[in-house]
Amino acid sequence: MASASAQAAALSAEQAKVVLAEVIQAFSAPENAVRMDEARDNACNDMGKMLQFVLPVATQIQQEVIKAYGFSCDGEGVLKFARLVKSYEAQDPEIASLSGKLKALFLPPMTLPPHGPASGGSVAAS
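What counts and how
Residues numbered from 1 in each chain as written. Predicted model: local features only at pLDDT ≥ 70, side-chain atom pairs only at ≥ 80, totals over all residues. Heavy atoms only, no water. Helix = DSSP H or I, 4+ residues; strand = E, 2+ residues; numbered from the N terminus. Buried < 20%, exposed > 50% of the residue type's maximum accessible area, 1.4 Å probe, protein only. Contact = heavy atoms within 4.5 Å. Areas by Shrake-Rupley, 256 points an atom, 1.4 Å probe, with all protein chains shown as cover. Bend = angle between axes of the 7 residues up to and from the residue. Polar contact = N/O pair within 3.5 Å; in protein donor to acceptor, adjacent residues only side chain to side chain.

*Asks:* Outline the overall build of the chain, supporting the account with residue identities and numerical values.
*Replies:* Looking only at helices and strands, one finds six helices and zero strands in the chain. Each helix and strand of the chain, ordered N terminal to C terminal, gives the series α-α-α-α-α-α. Per-residue burial over the chain gives 32% buried out of 126 residues. A sequence separation of at least 24 residues applies to 63% of the contacts in the chain between residues at least 6 apart. Summed over its atoms, the accessible surface of the chain is roughly 7,900 Å², and 60% of this surface lies on carbon and sulfur atoms.

The following block contains the structure:
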């Protein structure tokens, strides 16, 4: 991780936990909760609309927190933070748990389509 921004790359696993917890807490701040609810309402559980409405709001909320830890205040800063968190997930179950909670705040629960493999759909045999 030597090539990442020096200040941001210097976050230890413990610091990453603190920042993750702050980001999650920021989502529950009343003004941010309202912003996310409005974005979710606009998206109507449509994945394309989630990307259009929910993701930008979620990104802004994260930016407001992580900029204090040396990440740039743009999409690239959020991506660097996400990569840093991902790098710690495998070795730290608490970070993996916090990361899952964060994702659950702005990603809809994944459900299998009704025409999944158990529906008896025919597979072309040649």
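Next comes the rest of the description.
*Asks:* Summarise the environment of Leu55; cite the residues concerned and give the values.
*Replies:* By the secondary structure assignment, Leu55 is in helix 4 (residues 47-66). Put simply, Leu55 and Phe106 are 51 residues apart on the chain and 6.8 Å apart in space, counted from C-alpha to C-alpha. Ignoring any residue separated from it by four or fewer positions in sequence, one finds Leu55 in contact with Met50 and Phe106.

*Asks:* Break down helix 4 for me, citing the residues and quoting the values.
*Replies:* A maximum bend of about 35° is found in helix 4 at Val54, where proline Pro56 lies one to four positions downstream. Along helix 4, the residues classified as buried are Met50, Val54, Val57, Ala58, Thr59, Ile61, Gln62, Gln63, Val65 and Ile66. Tucked inside the fold, the buried residues of helix 4 contact helix 2 (13-28), helix 3 (30-43), helix 5 (75-89) and helix 6 (93-106). Capping the start of helix 4 is the job of one residue whose side-chain oxygen sits 2.9 Å from the backbone nitrogen of Gly48: Asp46.

*Asks:* Residues and numbers for the side chain of Gln63, please.
*Replies:* Counting through the fold element by element, Gln63 comes out in helix 4. At 3.2 Å, the side chain of Gln63 and the backbone oxygen of Asp74 are in polar contact. Those residues in contact with Gln63 that lie beyond four places of it in its chain are Cys73, Asp74, Gly75 and Val78.

*Asks:* So what about the side chain of Lys17? Which residues, and what values?
*Replies:* As for its position among the elements, Lys17 is in helix 2. Within the local environment of Lys17, its side chain forms a polar contact with the side chain of Asp92, the two groups lying 3.1 Å apart. Those residues in contact with Lys17 that sit more than four places away from it in its chain are Asp92, Glu94, Ile95 and Leu98.

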